[in-house]
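This is what each chain is made of:
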Amino acid sequence: MNYEEASRRKAAELKGRTGVRILALETSCDETAAAVIEDGRKILSNVVFSQIDLHELYGGVVPEIASRAHMEACDRVVDQALREAGTALAEIDVLAVTRGPGLVGALLTGVNCMKGLAFASGKPLVGVNHIEGHVSANFLTHPELEPPFLCLVVSGGHSHLVEVSDYGEYRLLGQTVDDAAGEAFDKAARVLGLPYPGGPRIDVLAEAGNPEAFQLPKPKTEGRYDYSFSGLKTAFINLVHGIEQRGEPLPRADLAASFRRAVCAELVAKARLLIEERGMQGMPFALAGGVSANRELRRMAGAMCDELGVRLFMPEIHLCTDNGAMIGSAAYYRLMRGELAGLDLNAEPALRLVAN
Ligand code: KG4
Ligand code: ZN
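Just so it is clear, the structure is predicted and the values come from calculations on it, not from any experiment. (Residues numbered from 1 in each chain as written. Chains lettered and ligands numbered in written order. Predicted model: local features only at pLDDT ≥ 70, side-chain atom pairs only at ≥ 80, totals over all residues. Heavy atoms only, no water.)

### Some details on the overall build of the chain
Note the threshold: Strands are runs of DSSP state E lasting at least two residues, helices are runs of H or I lasting at least four, and both sets are numbered from the N terminus onward. Throughout, the radius of gyration refers to the C-alpha atoms, and the reference size of a globule is 2.2 Å times the residue count to the power 0.38. Burial here depends on accessible area, computed with a 1.4 Å probe over protein chains only, as a share of the maximum for the residue type. Under 20% is buried, over 50% is exposed, and the range in between is partly exposed.
The helix and strand tally for the chain stands at 12 helices and 10 strands. Relative to the compact-globule value of 21 Å for 356 residues, the chain shows a C-alpha radius of gyration of 21 Å, a close match. Along the three orthogonal principal directions, the C-alpha set of the chain runs to about 70 × 50 × 35 Å. Residue burial in the chain is summarised as follows: out of 356 residues, 55% are buried.

Right, here's the structure in full:
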């Protein structure tokens, strides 16, 4: 029996069984992360090895350095995830790995690592969409959450409003036409002289500032529920340069607070418009992705949901940014749909959540 056939049989035996353990690996960007997840919802271990120190010097992720660092860390991180879960590889039912989107070299190190492990152990393998992983982080924090729900996915590369119609089924309702929200935060942070990654640092700095100090333009988009952050970003850069050219000291906290308010107000405004215009108040609303760790976004989403009578779900802060646990959760639901990867699994750097 070849690998694919054996893996299909093993996966079929798992249907209807409880205690299904998935070992998941995430290497799409600058975190080498591995986790052991039970039944798609319970975290047995979640190990995140961040490469931030390696990239900070360059002000952003250097793809070649990321790939090399993933290669060096993969085995160690996987071993640690097994150890912390108190489990041996033999007790793992299924392997999972992020197949895209992300940096091609970074993705390939993870994909090859897990393909090797799958072939050697004969265990079924699931290839996971990273964005679906972010959405699934909510399943780990909220055992009661089930589709359908509306989800705002905001990360370094994506800003999407999607309806999660069922496990693994999505309807794209809005998206950014230029920069992603996280990207905008990172660029604004750089102008303020904050080190990479800027999003979390702007968030901290903004807590001490006045969000009304500076007025920034409201983004305009053709699509009613689409986003655009590049105009906001340019206006912010011009504002900062103007202050510098006048030789005045930068009111960094006020600037950070004003920028954060403008981005978050826009994120929440479009979600609100969609919920109200489409009458989606009965559907839960969830946040996902690195930017969903933002305090202002969490507060503003909370206020909107209170006002509209919508149930709000957010991942715990440590599950908002890249991690292996979310990949393990997403993999479980793909496994239940019988979606397995073969040994020809490849990295897909431009993989989308929904084809459009
Ligand atoms: O989801 P993620 O970890 O990786 C991608 O899939 O892109 O998101 C990383 C992005 C970065 O742009 C980072 O600056 C941003 O999320 N981010 C934040 C916060 N924490 C992370 N942005 C604003 N406020 C935060 N607290
Ligand atoms: Zn991510």
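### Overview of the coordination of the zinc ion (ligand 2)
The following threshold applies: Counted as donors are the N, O and S atoms within 2.8 Å of the metal, or 3.2 Å for Na, K and Ca, while water is not among the atoms, so some sites may look incomplete. Any coordination sphere not matching a tetrahedral pattern (four donors, all angles between 85 and 135 degrees) or a square planar or octahedral pattern (four or six donors, opposite donors over 155 degrees apart, other angles between 65 and 115) is reported as irregular.
In the first shell of the zinc ion (ligand 2), the protein supplies His-130 (NE2), His-134 (NE2) and Asp-322 (OD), at 2.0 to 2.1 Å from the metal. For the zinc ion (ligand 2), the 6 donor atoms are set out with angles of 55 to 166° between them, so the coordination reads as irregular. In terms of primary sequence, the donors binding the zinc ion (ligand 2) are separated according to H-x3-H-x187-D. Here His-130 pairs with His-134, and both are found in helix H5 (residues 130-141), just 4 residues apart, close to one helical turn. Assigned by exposure class, His-130 and His-134 land together as buried.

### Some words on the environment of Asp-75
Structurally, the position occupied by Asp-75 is in helix H3 (residues 63-84). In sequence terms Asp-75 and Ala-34 are 41 residues apart; their C-alpha atoms lie 9.7 Å from each other.

### A closer look at the site of ligand 1
Heads up, the condition is: If a single non-hydrogen atom of a residue is within 4 Å of a molecule or strand, that residue counts as near it. Pairs of N or O atoms within 3.5 Å make up the polar contacts considered here, provided that, within protein, one atom can donate a hydrogen while the other can accept it, and that residues adjacent in sequence are counted only when both atoms are side-chain atoms. Only the protein chains shown count as cover for residues, and all accessible areas are computed by the Shrake-Rupley method using a 1.4 Å probe. Each domain's extent is set by a domain assignment, obtained either automatically or from a database.
If you check the shell around ligand 1, you find 18 residues, and the closest are His-134, Gly-156, Asp-186, Gly-290 and Asn-294. With respect to ligand 1, the side chain of His-134 contributes an N or O atom lying 2.8 Å from an oxygen atom. Asp-322 is positioned such that a nitrogen or oxygen atom in its side chain is 3.1 Å from an oxygen atom of ligand 1. When ligand 1 sits alone it has 550 Å² of accessible area, and the protein chains cover 88% of it. Secondary structure elements with two or more residues in the shell around ligand 1: H5, helix H6 (181-191) and helix H7 (198-206). Three or more residues apiece are contributed to the shell around ligand 1 by two domains, here domain 1 (3-138 + 320-336) and domain 2 (144-315).

### Digging into the domain arrangement of the chain
Defined as follows: Contacts are residue-level and defined by heavy atoms, with any inter-residue pair within 4.5 Å sufficient. For any pair of parts, buried area is found by adding up, for both, the accessible area (1.4 Å probe) each one loses once the two are put together. The salt bridge criterion pairs a side-chain nitrogen of Lys or Arg with a carboxyl oxygen of Asp or Glu, the two atoms within 4 Å.
We note that the domain assignment places domain 1 (3-138 + 320-336) and domain 2 (144-315) within the chain. Spacing between the C-alpha centres of domain 1 and domain 2 amounts to 28 Å. The interface of domain 1 with domain 2 comprises 19 residues on the first partner and 26 residues on the second. Summed over both partners, the interface of domain 1 with domain 2 buries about 1700 Å², with 65% contributed by carbon and sulfur atoms. Looking at the side of domain 1 facing domain 2, the largest losses of area belong to Val-135, Asn-138 and Cys-320, adding up to 36% of the total buried there. Summed over the shared surface of domain 1 and domain 2, the result is 0 salt bridges.

### Structural notes on the pattern of salt bridges
Enumeration over the complete set of coordinates arrives at 25 salt bridges. The partner of Arg-295 in a salt bridge is Asp-203, with the nearest N and O atoms 3.6 Å apart. One end of the pair, Arg-295, is in helix H10 (residues 295-308); the other, Asp-203, is in helix H7, and 92 residues separate them in sequence. Arg-295 sits in the partly exposed class, given a relative accessible area of 38%. Salt bridges linked by common partners bring Asp-203, Glu-207, Glu-212, Arg-260, Arg-261, Arg-295, Glu-296 and Arg-299 together as one network.

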